[in-house]
Amino acid sequence: MGLFDRLKQGLQKTKDVLRTDLRDLFQEGQILDEDQLRQLEGRLLKTDMGVVATSAIVGKLREEYGGRTVDVDTVLETVKDTLKEQLAARNDEQEHSDVNDPLSPLNLSPAGLTVILVAGVNGVGKTTSIAKLARLLISSGRSLVLVAGDTFRAAAVEQLTMWSQRLGCEIVTRPSGTDPASVAYAGCDRALEAGVDCVIIDTAGRLQTDHNLMRELQKIHRVIGEKVPGAPHESLLVLDATTGQNGISQAKNFSEVVECTGIVLAKLDGTARGGIVVPIRQQMNLPVKYVGVGEGVDDLEPFDANWFVDVLFDDGP
Amino acid sequence: MFEGITKGLKGALSFIERSRLTESNIHEGLGQVREALLEADVNFDVANDFIDRVSVQAVGDRVLKSIRPSEQIVGIVHQELVELMGPVDASLPIQRDGLTVLMLCGLQGSGKTTTCGKLARMLKEQGHLPMLVAADLQRPAAIDQLQVIAEQIAVPCYTEPATSTPLSVCQNGLKEAKRNPEIGVVILDTAGRLHVDDELMGELEQLDRRIQPHQVLLVCDAMTGQDAVNSAKAFNDALEVDGVILTKLDGDTRGGAALSVKAVTGVPIKFIGVGEQLDRLEEFRPEGMADRILGMGDVVGLVQRAQEQIDTDEALAQQQKMMDGKFTLEDFRKQMRMMRKMGPMREIMKMIPGVGGMVDDNPDMENPEEDLRRIEGMIDSMTPHERNNPERIDRSRRNRIAKGSGNPPSEVNNLLKQFDAMSGMMQQMAGMGVKDRMRAVKEMSEGGMLDPGAQVRKEKTRSKRGSVDRDQVRNRKRQQRKNARKARKRNRR
């Protein structure tokens, strides 16, 4: 099954509840008026992309097509193109992702150990995303060690241990309550010793406004940087697709302490569209690297802006 | 808590303060209010309805003719916010005899398992014995998590291996609970599920039918965006939810979900989760929330929290001491500890009207706890004799205290000076009426209470005549001016 179908399947359930089919909105030959623009605004806002990004699109349509008769295809193209533009990288950065290589979004260390740090607020799906990512790495022939750095939440270590057993990879754990930075250190140590390709470090969920916990995270980041030069090679922020405008604050505050390199957008299989990644991309140039499209361990896909936008407004079968 | 939305609304409403009210600038201003609501994740349709309702009232004669139109509009926005989120009933109907069954449901990662623990802790404090039932067989280690939580609060927990089915876990759990007559409440922790997953929703409906819980509570992440409406609606359609518990409200989320969920489903919000610890569950009060949204502070919430944590007798004794001028460093330390029990300082200060903004504007305020801890350390390093007689601390004692607490001697000096000034002021304040006291607090905060370098000054007392009440002075001066005017008039004739 191709990626597009998988994504579509993931989003399929969504369609029955919330139709984002823009074709319903505009009718061929009608004059584009304020009422229609307002409805479009509503649909865009409901993806959580926020007032600024929405106003940009609506404004563009008003400017280009306002008061004129509608050609549905060109209007839709404009909407999609604007969105794609908003999601595209700035500064001519080459962030190409290759369709056939699911690991292409990752910045893997050419020689030696690649360290991946995963952070996020509580309950966004960090541990599950790590399991999925591990699965992806293992199935493309990389060896890896997991590090259970969430020593705070009850049974979080057990949760990741269960995943490691299912995936058949090594895991470094310490008893609950241990300083997470020391667990991360021990994990890197073990990974270097075992000579594996990758190490993925789980961290406890924390609200981005909790000063002390954010400092703790900063310490983890610093410690692994001291242990492995250039680490972490990837510092991924897991975002829940249902998150609203608070996602911006999450991205900002987490980037401040762990210099995020990308986002894993989890839980995209519900009715939420995850539009919050649009303002995050615009304000901070932080790319989405993977999307979680289901509860299965294989349901993690590399993100592609074109597909994302197409699927968001896909007309469906 | 709701600072985001508060900030937005404050900005939006400030236009009204500036200009005279006309119909067109009401619309413009309400447009800004709408934008603020949308930025706060209030659902698009809910926000539009809200604005429509407010604008109908605002444009009416009542406002334009009222003496203070701006206040009137703030009043309307406030009232509508309360109406949108209320009325609320934060009680849980606990059966007098027999078991009460509560079922928690929600999306993945909304905080169900933690909330189970919080609810159980709350019920236990109210004198019931709750039992937790781990019906989440999906997520790895969810059962372990619930067991750990149950241990922490010392309540029974019923579990079965993950190979069982949720229904049989619940049924067996109920049987188990009935065997122990002490258990009054059973809380079912169900697996998180997507509202569009027909299979799992069907399973939940089946649970609801067969177990027939007395209350179905939906756990909802306050950071949810526009989608909050869809999931809440789907759960409500499937289960007839009795109440909502909003979680993760301790972050900087704008919490618009609170408005939308209530507006769309009509299900009341019963509790809010404001921290990861198991005692961080509060009753939801729409008035307090609306006050917060409009930047009026949440005094009721503060008082409630204080009542929970502060020993009333102790507090009264302290107050008496203050008034008598016998307030010592020992008492000061006790007070600081009580305050710390109430929760993080930042959080508390935000609940005080007028101080909320100050906290946000003051990056130095980043960690008031640290200062408190340092001060406590210094007091700890004193002997009991020194604590009770701070004036006895001379240079050598001061150096010893500084060394003992790891601070420079100047810090100790500062502390002593501040304490001296403070106890003087407290004595003054104890003699004041409520109004004067409020003014004194305000002066204190404007005078840089939050600036670590600033000092609280002791008001100079006139040596011979004793301290002078300001109001008295003002009245006397006023009288003198009046008399002088009269005298001038008389002389002209």
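Quantities reported herein were computed from a predicted structural model and do not represent experimental measurements.

Draft legend 1. Quick peek at the packing of aromatic side chains. Residue and element names in this part refer to chain B. Taken as a whole and judged by the stated rule, the model has one aromatic pair over all chains. Ring geometry for Phe 332 and Phe 419: centres 5.8 Å apart, planes at 55°, overall tilted. Of this pair, Phe 332 sits in helix α15 (residues 329-341) while Phe 419 sits in helix α21 (residues 409-430), and the two are 87 residues apart along the sequence. On the accessibility criterion, Phe 332 (13% relative accessible area) is buried. With relative accessibility at 5%, the residue Phe 419 sits in the buried group.

Draft legend 2. Structural view of the pattern of salt bridges. One pass over the structure, following the stated rule, counts 22 salt bridges over all chains. Ionic pairing is found between Lys 227 of chain A and Asp 189 of chain A, a salt bridge with its closest N-O pair at 2.8 Å. Residue Lys 227 of chain A is found in helix α8 (residues 211-227), and its partner Asp 189 of chain A is found in helix α7 (residues 180-194); the two are separated by 38 residues along the sequence. On the accessibility criterion, Asp 189 of chain A (34% relative accessible area) is partly exposed. Across the salt bridge formed by Arg 387 of chain B and Glu 330 of chain B, the nearest N and O atoms sit 3.6 Å from each other. Here Arg 387 of chain B is found in helix α19 (residues 384-388), whereas its partner Glu 330 of chain B is found in helix α15, with 57 residues between them in sequence. Within the structure, one salt-bridge network assembled from shared partners comprises Glu 330, Arg 333, Asp 380 and Arg 387 of chain B.

Draft legend 3. Summary view of the nonpolar core. Ile 200, Ile 201 and Leu 265 of chain A are the most contacted members of the largest nonpolar core, which has 97 residues in total. With residues up to four places along the chain from it excluded, the contact list for Leu 265 of chain A reads Leu 239, Asp 240, Ala 241, Gly 274, Val 277, Val 288, Tyr 290, Val 291, Gly 292 and Phe 308 of chain A. Ranked by size, the runner-up nonpolar core spans 92 residues in total, among them Ala 58, Val 219, Ile 245 and Ala 258 of chain B.

Draft legend 4. Seen up close, the sheet that holds strand β1 (residues 114-119) of chain A. Residue and element names in this part refer to chain A. A sheet is described by the order of its strands in space; here eight strands give the open sequence β3-β2-β4-β1-β5-β6-β7-β8, paired in mixed fashion. Lying at the two open borders of the sheet, with one neighbouring strand each, are β3 (170-172) and β8 (300-302). Going from strand to strand, the sheet's axes swing by 25° on average, the running direction of each strand aside. Pairing analysis gives four bridges linking strand β2 (residues 144-147) to strand β4 (residues 198-201), with the strands arranged parallel.

Draft legend 5. Region of interest: the interface of chain A and chain B. Chain A puts 43 residues into the contact, and the matching count from chain B is 39 residues. Buried surface at the junction of chain A and chain B, summed over both partners, amounts to about 3,500 Å²; 55% is from carbon and sulfur atoms. At the boundary of chain A with chain B, the tally comes to two salt bridges. One salt bridge in this structure joins Arg 34 of chain B and Glu 41 of chain A, with 3.4 Å as the shortest N-O distance. Scanning the region where chain A abuts chain B turns up twelve residue pairs in polar contact (both at pLDDT 80 or more). Sorting the residues of the side of chain A that touches chain B by element identifies α1 (3-17), α2 (34-45), α3 (50-65), α6 (156-167), α8 and α9 (246-258) of chain A as the ones contributing at least two each. The element that contributes the greatest number of residues to the side of chain A that touches chain B is α6 of chain A, accounting for five residues. When grouped by side-chain class, the residues that make up the side of chain A that touches chain B number 14 nonpolar, 18 polar and eleven charged.

Draft legend 6. The arrangement of the pairing of strand β5 (residues 234-240) of chain A in detail. Residue and element names in this part refer to chain A. Counting buried positions along β5 gives seven out of seven residues, so the element sits mostly inside the fold. Burial along β5 is two-sided: Glu 234, Leu 236, Val 238 and Asp 240 facing one way and Ser 235, Leu 237 and Leu 239 facing the other are all buried. One ladder, built from four bridges, connects β1 with β5; its direction is parallel. What sits directly across from Ile 116, in β5, is Glu 234. Direction of pairing for β5 relative to strand β6 (residues 262-266): parallel, over a ladder of five bridges.

Draft legend 7. Unusual backbone geometry, seen in detail. All names here are of chain A. Ala 231 connects to Pro 232 through a cis peptide bond whose omega is -5°. Its location among the elements puts Pro 232 in the loop between α8 and β5. With a phi close to 45°, Glu 259 is a non-glycine residue in the positive phi region. Take Glu 259: it is sitting in the loop between α9 and β6. One non-glycine residue, Asn 285, lies in positive phi territory at about 60°. Here Asn 285 shows up in the loop between α10 (277-284) and β7 (288-292).

Draft legend 8. Quick peek at the sheet that holds strand β8 (residues 281-283) of chain B. All names here are of chain B. An order of β3-β2-β4-β1-β5-β6-β7-β8 is seen for the eight strands of this open sheet, with the pairing classed as mixed. The two strands at the open ends of the sheet, each matched to only one other strand, are β3 (157-158) and β8. Here strand β1 (residues 100-106) runs beside strand β5 (residues 215-221); their pairing, made up of five bridges, is parallel. Bridge pairing in β5 places Leu 102 opposite Gln 215. Sheet strands touched by helix α7 (residues 142-153): β2 (130-135), β3 and β4 (185-190). Its angle to β2, the strand with the most contacts, is close to 170°.

Draft legend 9. Fine view of the environment of Val 33 of chain B. Its location among the elements puts Val 33 of chain B in helix α2 (residues 23-39). Residues Val 33 of chain B and Ile 51 of chain B lie 18 residues apart in sequence; the distance between their C-alpha atoms is 7.8 Å.

Draft legend 10. Main features of the pairing of β4 of chain B. Residue and element names in this part refer to chain B. With six of its six residues buried, β4 lies for the most part within the structure. Because side chains alternate across β4, one face comprises the buried residues Val 185, Ile 187 and Asp 189, and the other comprises Val 186, Leu 188 and Thr 190, equally buried. Here β1 runs beside β4; their pairing, made up of five bridges, is parallel. Within β4, the position partnered with Met 103 by the bridge is Leu 188. For β2 and β4, the ladder comprises six bridges, and the chain directions are parallel.

Thresholds, definitions, all that
- Residues numbered from 1 in each chain as written.
- Chains lettered and ligands numbered in written order.
- Predicted model: local features only at pLDDT ≥ 70, side-chain atom pairs only at ≥ 80, totals over all residues.
- Heavy atoms only, no water.
- Phe/Tyr/Trp six-rings, centres within 6.5 Å; stacked < 30°, edge-to-face > 60°.
- Helix = DSSP H or I, 4+ residues; strand = E, 2+ residues; numbered from the N terminus.
- Buried < 20%, exposed > 50% of the residue type's maximum accessible area, 1.4 Å probe, protein only.
- Salt bridge = Lys/Arg side-chain N within 4 Å of Asp/Glu carboxyl O.
- Core = buried A, V, L, I, M, F, W, Y, C linked by side-chain atoms within 4.5 Å.
- Contact = heavy atoms within 4.5 Å.
- Pairing = 2+ DSSP bridges.
- Axes fitted to C-alpha atoms, helices over the stretch in contact; angles between N-to-C directions.
- Buried area = accessible area lost by both parts, 1.4 Å probe.
- Polar contact = N/O pair within 3.5 Å; in protein donor to acceptor, adjacent residues only side chain to side chain.
- Nonpolar A, V, L, I, M, F, W, Y, C, P; charged D, E, K, R; others polar.

These results come straight from atomic positions and should not be treated as a statement about function.
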